[in-house]
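Each chain, written out:
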Amino acid sequence: MGRKVTLATCSLNQWALDFDGNLERILRSIEVARTRGAKYRLGPELEIWPVMHHNVRYNCRVLFLNGKILLIRPKMLMANKGNYREIRWFSPWNQLRVEEYFLPRMIQEVTGQDTVPFGDCVLSTKDTCIGTEICHELWSPRSPHIRMGLDGVEIFTNSSASHHELRKADNRVDLVKSATTKSGGVYLYANQKGCDGDRVYYDGCAMVAVNGDIVAQGAHRKASVSSYSHTSLVKVDFSLSTGNDLYLPTHQPIRWHFHTPEEEISLGPACWLWDYLRRSGQAGFLLPLSGGVDSSSTACIVHSMCVLLCQAVEDGNSQVLGDIRRVVGDESYCPQHAKELCGRIFTTFYMASKNSSEDTCNRAKDLANQIGSTHMNINIDMAVKGILGIFSAATGRWPQFRANGGSQRENLALQNVQARVRMVLAYLFAQLSLWASGRPGGLLVLGSANVDESLTGYFTKYDCSSADINPIGGISKTDLKSFLLYCVEQFQLTALKGILAAPPTAELEPLTDGQVSQTDEVDMGMTYSELSVIGRLRKISKCGPFSMFCKLIHTWKDSLSATQVAQKVKHFFRMYSMNRHKMTTVTPSYHAESYSPDDNRFDLRPFLYNTRWTWQFRCIDNQVEICWRNNVTLLLEQ
């Protein structure tokens, strides 16, 4: 007959090197677990200890009971791709044996122990058997829970630090469910939550699965288990269950709520921004708002952040209220609604030039009015003219736009001057706009370059894409458009309809009869939807020019000829290789997409390429010739 046990799992908003804060959050979660009757409490990965054993550093789980260490379990399978370089910091545990670990003297004084078991083993209590996994081990084809399940472990626990990525949550849930589907048992999953001072956001999602069903999401839960045995174990004189059970409890599966990608964008980056703001000590955000899709998406994420904050305050969250008061510098302040809070912590401004249209200016103004940001309109022509005057005085030449008879070099240089002036002004206003209004503090500059533009380098190095942080740098243009449609309905931001209807444009070249003549997709030579496909092939499928061409002639066969596909693939790789150097200085961005070109940690590649791609392009040309001959032969046969 099974017994009832009460188990607790949690998600903690830990912060690297914040020892006092981390300890406080751990103790608080333990107290909550105890008051709810839990006999076992699970926390996220690395909430306490990395451990040095024989002068080797390991990522470890440390299991305690009543002031004594029962087991130190080192991580065996490292996460060493994408955002993670664990082998840079830790070594995997590859030993089959369990060793004795000599505790540091300061720990000996606390626990009264000299040595404790160290290695891959499980805990055997009087009534059950508990096994341990650490984060990436769940995702491995050699997951420890497979062997443990066959040996009779009933309760599997996983301390994780798994980051958010669009459309990833269902993979995580499926893995947790599958861990107990075949051999039964309980699987407890704990995860880190929040921004840990880097480009990723940990989205929590603690959960409990029983016999392949999710029975709890983000809460403590009681579960039913049966009894088996295990051969490699640490015996513990302790019971998780009690002897006075009069009935066997049942668990009911719950229906997991998966957010849509649009909801994920409104939640994940918004929480990341708030964690960054409250921990940075700054007084708010500043955003150059151009009236286009990208900067409007950043603005809407900040608005969503304010909505979440006001909801937390309304729900009685005193910590959030205290953080808001510290940010705005007013200990008596209490936000009444999101629009009002937005006006306190969010500044937007439109930087017009003679190449800007009245339409984009009005779109930016209307959106700022609806979200409640403090908005300004400024003109940069005076600064641009001054910089060009310095160049002219030194060289005796004055560059012209292509529309006015200038060369391509002149045309590009004039666009870059405008873009870079905007970056300088953005940082000036971030430092001094609050000073000018008699308020303390400075503002964090927000960027708004999307993942597709980063991939092709379709931005000016050191322009408004250069900022302190960028919440949309890992999100595709296609997803951002869907997100703005969601915001129209969710937040009643009707100004976004006009923004979505307008063609994307940088507005850096002269207007034609007062209308925009420059569009992004014409400049790039491909659509944003085509770029999303190409980006996934480059990163996820690890395609170079030729293999990408071979895939796309099948994917796009109904809309493009082999020659047209070849032209697009060649054009992309020329742009990509010419502009890859821009990724070395790109603004730290929220990681949200599996094909991100982030050069800092996710997509480590050279930034100096042979842009001619002679061998690869020759292979493409040969294949196009074969396709052409095959088509001609087919037509003759018909």
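Residues numbered from 1 in each chain as written. Predicted model: local features only at pLDDT ≥ 70, side-chain atom pairs only at ≥ 80, totals over all residues. Heavy atoms only, no water.

J.: So, the overall build of the protein: which residues are in play, and what are the values?
T.: Counting its regular elements, the protein contains 19 helices and 21 strands. Here the C-alpha coordinates of the protein stretch approximately 90 × 80 × 45 Å along the principal axes. Relative to all contacts within the protein whose residues are 6 or more apart in sequence, the contacts with residues 24 or more apart total 72%. Working note: accessible area of the protein is about 30000 Å², and carbon and sulfur atoms make up 53% of it. Considering the protein, the positive charge centre built from 68 side chains and the negative charge centre built from 63 side chains are found 3 Å apart. (Helix = DSSP H or I, 4+ residues; strand = E, 2+ residues; numbered from the N terminus. Contact = heavy atoms within 4.5 Å. Areas by Shrake-Rupley, 256 points an atom, 1.4 Å probe, with all protein chains shown as cover. Lys, Arg positive; Asp, Glu negative; His and termini not counted. Charge placed at Lys NZ, Arg CZ, Asp CG, Glu CD.)

J.: Describe the nonpolar core, with residues and values.
T.: One finds Leu273, Phe285, Met305, Phe346 and Leu496 to be the most contacted residues of the largest nonpolar core, which totals 59 residues. With eleven residues, the top contributor of residues to this core is helix H6 (residues 293-314). Not counting residues within four places of it along the chain, the set of residues in contact with leucine 273 comprises Phe285, Ile301, Val302, Met305, Leu446, Ile469 and Pro471. With 29 residues, the next largest nonpolar core counts Met526, Ile553, Ala562 and Val624 among its residues. (Core = buried A, V, L, I, M, F, W, Y, C linked by side-chain atoms within 4.5 Å. Buried < 20%, exposed > 50% of the residue type's maximum accessible area, 1.4 Å probe, protein only.)

J.: So what's going on with the pattern of salt bridges? Residues and values would help.
T.: For side chains of opposite charge, pairing can occur when their charged atoms come near one another. Taken as a whole, this structure holds 28 salt bridges when the rule is applied. Ionic pairing is found between aspartate 479 and arginine 167, a salt bridge with its closest N-O pair at 2.8 Å. Of this pair, aspartate 479 sits in helix H13 (residues 477-490) while arginine 167 sits in the loop between strand S11 (155-160) and helix H4 (169-181), and the two are 312 residues apart along the sequence. If you follow the salt bridges from partner to partner, you end up with Arg538, Lys539, Arg580, Asp599, Asp603 and Arg605 in one network. (Salt bridge = Lys/Arg side-chain N within 4 Å of Asp/Glu carboxyl O.)

J.: Any chance you could break down helix H9 (residues 358-371) for me, citing the residues and the numbers?
T.: With 14 residues, H9 ought to run about 20 Å at 1.5 Å a step, and its terminal C-alpha atoms sit 20 Å apart, in line with that. Those residues of H9 not exposed but buried are Thr360, Cys361, Arg363, Ala364, Leu367, Ala368 and Ile371. Taken end-on, H9 shows its buried residues confined to a sector of 165°, consistent with a single buried face. In H9, the exposed positions angled more than 90 degrees off the buried face are occupied by Glu358 and Asn369. In this fold, the buried residues of H9 make contact with H6, helix H8 (338-345), strand S19 (346-352), strand S20 (374-379) and helix H14 (496-501). Where H9 terminates, the next one or two residues include glycine 372, which has phi positive at roughly 95°. (Expected span 1.5 Å × (residues − 1). Arc of directions from axis to C-beta.)

J.: Any details on the environment of leucine 428? Residues and values, ideally.
T.: By the element assignment, leucine 428 lies in helix H11 (residues 408-436). Through-space distance from the C-alpha of leucine 428 to that of histidine 164 is 33 Å; in sequence the pair is 264 residues apart.

J.: Would you mind going over the sheet that holds strand S18 (residues 285-288) in detail, with residue names and values included?
T.: With parallel pairing, the four strands of this open sheet are ordered in space as S20-S19-S18-S21. With partners counted over all chains shown, the strands left at the sheet margins are S20 and strand S21 (444-445), one partner each. Pairing analysis gives four bridges linking S18 to S19, with the strands arranged parallel. Counterpart to proline 288 in the pairing with S19 is phenylalanine 349. Running at roughly 150° to S19, H11 makes contact with S18, S19, S20 and S21 of the sheet. (Pairing = 2+ DSSP bridges. Axes fitted to C-alpha atoms, helices over the stretch in contact; angles between N-to-C directions.)

J.: Just give me the short version of helix H1 (residues 19-35), but keep the residues and values in it.
T.: The end-to-end C-alpha distance of H1, which contains 17 residues, comes to 24 Å, matching closely the 24 Å that a straight helix rising 1.5 Å per residue would cover. Of all the positions in H1, only Gly21, Asn22, Arg25, Ile26, Ser29 and Ala33 are classed as buried. Viewed end-on, H1 has its buried residues packed into an arc of 135°, placing them on one side of the element. Facing away from the buried side of H1, by more than 90 degrees, are the exposed residues Phe19, Asp20, Arg34 and Thr35. Buried residues belonging to H1 abut strand S1 (3-9), strand S2 (11-12), strand S3 (40-42) and helix H5 (261-280).

J.: Which residues make up the confidence of the model for the protein, and what values go with them?
T.: Mean pLDDT over the protein stands at 90; residues scoring 70 or higher make up 94%. Highest mean pLDDT in the protein belongs to S21 (98); lowest belongs to strand S16 (residues 221-225) (35). In this model, residues 219-231 is a region of pLDDT below 50 whose contacts with residues beyond four sequence positions or in other chains number 47 contacts. (pLDDT = per-residue confidence, 0-100.)

J.: Requested: an account of the packing of H5 against H13, with residues and values cited.
T.: Running from N to C, H5 and H13 cross one another at 85°; their axes reach a closest spacing of 9 Å. In terms of orientation, H5 lies roughly perpendicular with respect to H13. For the pair H5 and H13, contact is made by Glu262, Glu263, Ile265 and Ser266 and by Asp479, Ser482, Phe483 and Tyr486, respectively. In terms of residue class, the contact of H5 with H13 is made up of three nonpolar, two polar and three charged. (Parallel < 35°, antiparallel > 145°, perpendicular 65-115°, else oblique. Nonpolar A, V, L, I, M, F, W, Y, C, P; charged D, E, K, R; others polar.)

J.: Go over the pairing of strand S7 (residues 99-102) with me, naming the residues and quoting the values.
T.: Side-chain alternation along S7 places Glu99 and Tyr101 on a buried face and Glu100 and Phe102 on a face that remains uncovered. Alignment of S7 against strand S8 (residues 115-118), held across four bridges, turns out to be antiparallel. Paired with glutamate 99 across the two strands is phenylalanine 118, which belongs to S8.

J.: An account of the packing of aromatic side chains is needed here, citing residue identities and associated values.
T.: One pass over the full model with this rule turns up 18 aromatic pairs. Residues tryptophan 272 and tyrosine 276 carry aromatic rings whose centres are separated by 6.3 Å and whose planes lie at 50° to one another, so their mutual orientation is tilted. Of this pair, tryptophan 272 and tyrosine 276 both sit in helix H5, four residues apart, which is roughly one turn of that helix. The class of tryptophan 272 is buried, set by a relative accessible area of 1%. Aromatic side chains tyrosine 576 and tyrosine 609 sit 5.6 Å apart centroid to centroid with 50° between the ring planes, which places their arrangement in the tilted category. (Phe/Tyr/Trp six-rings, centres within 6.5 Å; stacked < 30°, edge-to-face > 60°.)

J.: Give me the state of the cysteines: which residues, what numbers.
T.: In this structure the tally under the stated criterion is zero disulfides. Free of any disulfide, cysteine 550 has its nearest neighbouring cysteine sulfur in cysteine 627, separated by 8.4 Å. (Disulfide = S-S within 2.5 Å.)

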